[in-house]
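# Architecture and fold: a report
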There are 2 protein chains.
Amino acid sequence: MLSHEINQMLPFILQRENVARYEAGVVVIGDRRKYPFERAFVRCPDVESVAHAIEIMVTQGGGPSLAALYALASTARQVEGKPPAQINETLEKARARLVRTRPTNTALALRLEAAMQAAKAAIQQGDPVEPALLDWIEKSRDQAYENYAKTARHGSSLMSDGDGILTMCFAETAFILSLSMAKESGKELQVYVPETRPYLQGARLTAPSIHELGIPVKVITDNMPASLFDQGKIQKYFTAADLITLDGHVVNKVGTLQNAITASYYGVPYFAYCWGLDPSKPDRASIVIEERSPSEVKTCRGAPTTLDEIDAYYPAFDITPPHLVAGIITTSGVHSPYTLSNLING
Amino acid sequence: MLSHEINQMLPFILQRENVARYEAGVVVIGDRRKYPFERAFVRCPDVESVAHAIEIMVTQGGGPSLAALYALASTARQVEGKPPAQINETLEKARARLVRTRPTNTALALRLEAAMQAAKAAIQQGDPVEPALLDWIEKSRDQAYENYAKTARHGSSLMSDGDGILTMCFAETAFILSLSMAKESGKELQVYVPETRPYLQGARLTAPSIHELGIPVKVITDNMPASLFDQGKIQKYFTAADLITLDGHVVNKVGTLQNAITASYYGVPYFAYCWGLDPSKPDRASIVIEERSPSEVKTCRGAPTTLDEIDAYYPAFDITPPHLVAGIITTSGVHSPYTLSNLING
């Protein structure tokens with residue numbers, strides 16, 4: 001499938017121009033904090049404002065990577081015509097700042113590294129860097145969408161007519177496309193979406209996206225999945241993954257693990273979508289879990305949930321071990337979590 | 001321990017006069033929806049307003065029982081001096097209305113039935129019914145607090161110095177007293193409290209209560225317990241129970257089950273506090289799970305969490321099977337969930 005065809009199968013929030021786009025040096029990022037109540041965008045004129053937007057969760061999932069790449073192009077625009085060494089140094093600084101925004105999901109770091117190669121090639125050849133980067137980003141983005149479609153096809157093959165499906169947080173394009181493909185092939189599904197506190201990505205992003213596709217969806221709170229399993233309402237559990245280690249540990253939004261433990265208890269398979277593998281992440285010891293500010297736990301849509309003087313704790317991600325994972329969904333198929341290192345070496 | 005001594009060991013919200021009190025026919029109920037942001041009370045002049053207050057969650061836990069008993073006294077006051085048959089009929093109607101407010105937790109039904117015996121004895125002897133009921137309620141309440149203290153002593157014995165303790169929802173007097181006793185005996189504890197969506201009883205009631213006792217407490221969201229278990233932060237898991245069947249199934253606020261499954265996966269024991277046993281609830285087939293309006297899932301402190309047109313699902317309770325329960329804490333000790341029918345027959 002072509003990138004623009006895939007785009008048309010997606011709900012508003014996942015259409016590429018609504019994730020992040022580039023307008024003459026300004027990075028325009030879809031504001032997922034306000035969605036679905038508002039369809040707003042944040043305009044970032046430089047790398048610092050993009051980095052800040054990523055840190056304060058204006059975007060998430062695949063969004064930070066794309067926004068960060070455009071921030072690199074914006075940086076190149078600002079130093080266009082300067083000596084090569086200065087361009088290179090400025091871009092390297094920008095890259096380092098952007099990488100620091102997301103310690104857990106290394107997709108962003110890997111894509112920035114690849115983009116830097118394209119920038120360096122342009123610098124060496126004396127070509128203007130901004131258009132070279134934008135060209136690389138567009139090709140890379142098209143490739144990403146084609147990969148989403150391949151991955152989604154495999155995910156969709158795991159969904160059976162009549163399935164109740166549990167997810168967590170916002171599993172983004174590959175998962176949503178899988179649902180869309182399953183629907184197109186006549187499968188009737190019922191999706192259950194935990195709201196995903198504290199930022200409510202499930203209630204705000206996932207549920208409206210699935211509803212927009214015309215697929216039945218129900219929002220639940222994060223304490224309800226076991227009740228649904230116990231009632232026999234769930235046949236499959238799917239999530240995205242911020243990172244999957246080469247030995248099959250799935251790192252994803254906190255809550256993924258307890259649903260995986262519960263799924264295993266009830267004999268329901270858990271599948272994780274994989275955006276790719278990072279050779280520098282062989283095992284759980286190599287994972288950095290981002291701990292966010294406790295204050296974020298103590299509000300919901302701006303309103304306090306407890307007293308100010310009460311402490312809180314916010315581990316943003318958890319780690320699901322491979323024995324709880326039925327399969328890793330990739331562009332090349334659904335793999336055992338125990339064979340991933342073959343994929344990267346093969 | 002005497003009832004008033006126990007009262008002094010409790011945080012504001014659990015002090016008996018703040019749960020519910022009786023003022024010349026008016027039932028004054030502590031408004032747990034507004035706590036801890038406001039210390040407000042709802043004044044209910046008749047049985048219908050009390051029933052409505054229970055249904056809209058003005059109070060919960062042990063609160064509905066006490067408020068319902070006072071509603072019976074208030075009803076008696078309104079028909080004082082009428083013919084015995086009319087008094088009896090009016091009280092029976094009031095009782096039926098109050099029982100309907102809580103299909104899952106049958107403590108309320110059982111206590112109303114016992115109170116009706118006291119009312120009927122007064123009617124038969126031609127005594128005024130309101131004071132007879134108030135006298136019965138006071139004795140019954142004192143007995144309840146003494147039972148809390150006995151139960152709490154057993155709960156406290158399960159808490160070890162240095163323990164990380166997980167709870168769920170608001171486990172009320174017996175649990176909070178256990179913590180208080182553990183602290184008095186010099187044990188250092190760290191309590192983790194899931195916020196308990198959608199009504200946030202954990203964040204609003206449990207965490208402030210524990211904080212008021214000077215015990216370290218951290219609020220987490222409902223998707224975080226597994227992350228804490230995985231990090232080795234939890235050594236014991238305690239909850240209250242709305243109902244425990246004679247064959248050891250624990251019915252409690254939704255979310256209790258998935259924490260129990262996760263606790264079992266990590267080898268951490270789960271203990272449930274028991275208010276008593278109901279001979280009419282032998283097994284899980286006898287349990288009625290209250291399903292509340294889906295709309296309640298879609299707001300948090302009044303703010304919408306998703307779009308209005310999106311569906312939701314709200315099972316208010318879940319059922320934890322006995323093989324996931326390490327012990328049932330009662331006035332007489334910590335019992336195996338498999339031996340409860342002996343307690344009621346013995």
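Figured I'd write up the structure that's included with this text. Given the structure is predicted, the values throughout are model-derived calculations rather than measurements.

What follows deals with the pairing of strand 10 (residues 270-273) of chain B. In summary, the side chains of a regular strand alternate between the two faces of the sheet. Residues and elements named next belong to chain B. Alternating residues of strand 10 divide into Y270 and A272 and F271 and Y273, and every residue in both groups is buried. Pairing of strand 7 (residues 236-239) with strand 10, which is carried by three bridges, proceeds in the parallel orientation. Across the sheet, Y237 pairs through a bridge with Y270, a residue of strand 10. Across three bridges, the pairing between strand 10 and strand 15 (residues 327-330) is parallel. Bridging from a neighbouring strand, Y273 pairs with I329 of strand 15.

With that settled, the discussion passes to unusual backbone geometry. Between A:R197 and the following residue, A:P198, the backbone shows a cis peptide bond with an omega angle of 0 degrees. Locating A:P198 in the fold gives a position in the loop between strand 5 (190-194) and helix 9 (201-212). Positive phi values are uncommon outside glycine, yet B:M57 reaches one of about 70 degrees. Within the secondary structure, B:M57 sits in the loop between helix 3 (47-55) and helix 4 (63-78).

Applying the stated rule across the entire model yields 20 aromatic pairs over all chains. An angle of 85 degrees between the planes, with centres 5.3 Å apart, marks the rings of A:Y145 and A:Y148 as edge-to-face. On the criterion of helical spacing, the pair formed by A:Y145 and A:Y148 is a turn pair, its members being three residues apart in helix 7 (residues 129-157). Relative accessible area serves as the criterion here: at 24%, A:Y148 is assigned to the partly exposed category. Every member of this aromatic cluster is reached through a ring pair, and the members are A:F175, A:F238, A:F271 and A:Y273. Over the face of the ring belonging to A:F41 we find A:R21, whose NZ or CZ atom lies 4.6 Å from the ring centre. The side chain of B:R39 reaches across the aromatic face of B:F12, ending 3.9 Å from its centre.

Rotating chain A by 180 degrees and moving it 0.0 Å along the rotation axis overlays it on chain B with an RMSD of 0.0 Å. Such a combination of rotation and displacement between the chain copies is what one expects of a two-fold axis. Taking C-alpha positions as the reference, the residue of chain A nearest the rotation axis is A:D222, at 2.8 Å. Of the residues that chain A buries at the interface, 100% are likewise interface residues in chain B, meaning the two copies contact each other through the same surface.

Take the interface of chain A and chain B next. Contacts between chain A and chain B engage 59 residues on the former and 59 residues on the latter. Summing both partners gives a buried area of about 4,600 Å² for chain A against chain B, and 61% of it is carried by carbon and sulfur. Broken down residue by residue, the surface that chain A buries against chain B is led by A:N223, A:Q258 and A:Y313, which jointly contribute 16%. Linking chain A with chain B are six salt bridges.

The subject of this paragraph is the nonpolar core. Formed by 230 residues in total, the largest nonpolar core has its most connected members in A:F175 and B:F175. Every residue in contact with A:F175, bar those within four places of it in the chain, is listed here: A:M159, A:I165, A:T167, A:I210, A:F238 and A:Y273.

To continue, consider the side chain of B:S65. All names here are of chain B. Looking at where S65 falls in the secondary structure, it is placed in helix 4. By relative accessible area, which is 8% here, S65 ends up buried. Those residues in contact with S65 that lie beyond four places of it in its chain are A107, L108 and R111.

Applying the stated rule across the entire model yields 34 salt bridges over all chains. For the salt bridge of A:R21 with A:E23, the shortest nitrogen-to-oxygen distance reads 2.9 Å. Overall, the relative accessible area of 26% leaves A:R21 in the partly exposed class. For B:R97, the salt bridge identified is with B:E48, shortest N-O distance 2.8 Å. Remark: B:E48 occurs in helix 3 and B:R97 occurs in helix 5 (residues 84-99); sequence separation between them is 49 residues. One salt-bridge network, held together by shared partners, links A:R21, A:E23 and A:R43.

Moving on to the pairing of strand 15 of chain B. Residue and element names in this part refer to chain B. Residues G327 and I329 line one face of strand 15 and the alternating positions I328 and T330 line the opposite face, and both faces are buried. Inspection of the sheet shows strand 15 paired to strand 16 (residues 333-335) by three bridges, in the antiparallel sense. Bridging from a neighbouring strand, I328 pairs with H335 of strand 16. Here strand 15 hands over to strand 16 after two residues, the two strands then running antiparallel side by side.

What counts and how
- Residues numbered from 1 in each chain as written.
- Chains lettered and ligands numbered in written order.
- Predicted model: local features only at pLDDT ≥ 70, side-chain atom pairs only at ≥ 80, totals over all residues.
- Heavy atoms only, no water.
- Buried < 20%, exposed > 50% of the residue type's maximum accessible area, 1.4 Å probe, protein only.
- Helix = DSSP H or I, 4+ residues; strand = E, 2+ residues; numbered from the N terminus.
- Pairing = 2+ DSSP bridges.
- Phe/Tyr/Trp six-rings, centres within 6.5 Å; stacked < 30°, edge-to-face > 60°.
- Lys NZ or Arg CZ within 6 Å of the ring centre and 35° of its normal.
- Least-squares fit on C-alpha atoms with pLDDT ≥ 70 in both.
- Contact = heavy atoms within 4.5 Å.
- Buried area = accessible area lost by both parts, 1.4 Å probe.
- Salt bridge = Lys/Arg side-chain N within 4 Å of Asp/Glu carboxyl O.
- Core = buried A, V, L, I, M, F, W, Y, C linked by side-chain atoms within 4.5 Å.

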